[in-house]
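As a plain string of letters, each chain reads:
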Amino acid sequence: MYAFFRDRLAAAPREGIVVVELSTLGGDPEVARMMGEDIRYHSEHEPRRRFVFLGKAAIYSAGATFTSFFARPHPLLDPWHAHNDP
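Please read these numbers as outputs of a predicted model, since none were measured by experiment.

Caption draft 1: Summary view of the overall build of the chain. When helices and strands are tallied, the chain shows four helices and three strands. Along the chain, from the amino end to the carboxyl end, the secondary structure elements read α-β-α-β-α-β-α. Within the chain, the proportion of its 86 residues that are buried is 30%. Restricting to contacts in the chain with at least 6 residues of sequence separation, those with at least 24 account for 76%. Total accessible area computed for the chain in this model is approximately 5800 Å², and 56% of it derives from carbon and sulfur atoms.

What follows is the structure, given as structure tokens:
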């Protein structure tokens, strides 16, 4: 999974919004941390790219770890959660 993520990250546009979509019921927290560190690194070193997270389904365990690496003003939830989140 990490190799696929890295390949897709390398193929993403060099500027503008880069949407990362994920659904997971769990997984390896260390892989989630490595993926998150990649997001953090590119966010800090490539200001022309804006990474946003699109959570459309279940995000549990390692997925929650991964989402924590996205810049606070840039998280993106699906429309239902945007209007129904407490």
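The discussion continues.
Caption draft 2: Highlighting helix 2 (residues 29-45). When the terminal C-alpha atoms of helix 2 are compared, their 24 Å separation across 17 residues agrees well with the 24 Å that a helix rising 1.5 Å per residue should span. Those residues of helix 2 not exposed but buried are Ala-32, Met-35, Gly-36, Asp-38, Ile-39 and His-42. Along the long axis of helix 2, the arc covered by the buried residues comes to 150°, so they all point the same way. Residues Pro-29 and Glu-44 are exposed on helix 2 and point more than 90 degrees away from its buried face. Among the structural elements, helix 1 (2-11), strand 1 (16-21), strand 2 (49-55) and helix 3 (62-67) are those in contact with the buried residues of helix 2. Of the residues that open helix 2, the one with a side-chain oxygen 2.8 Å from the backbone nitrogen of Glu-30 is Asp-28.

Reading guide: rules and limits
- Residues numbered from 1 in each chain as written.
- Predicted model: local features only at pLDDT ≥ 70, side-chain atom pairs only at ≥ 80, totals over all residues.
- Heavy atoms only, no water.
- Helix = DSSP H or I, 4+ residues; strand = E, 2+ residues; numbered from the N terminus.
- Buried < 20%, exposed > 50% of the residue type's maximum accessible area, 1.4 Å probe, protein only.
- Contact = heavy atoms within 4.5 Å.
- Areas by Shrake-Rupley, 256 points an atom, 1.4 Å probe, with all protein chains shown as cover.
- Expected span 1.5 Å × (residues − 1).
- Arc of directions from axis to C-beta.
- Polar contact = N/O pair within 3.5 Å; in protein donor to acceptor, adjacent residues only side chain to side chain.

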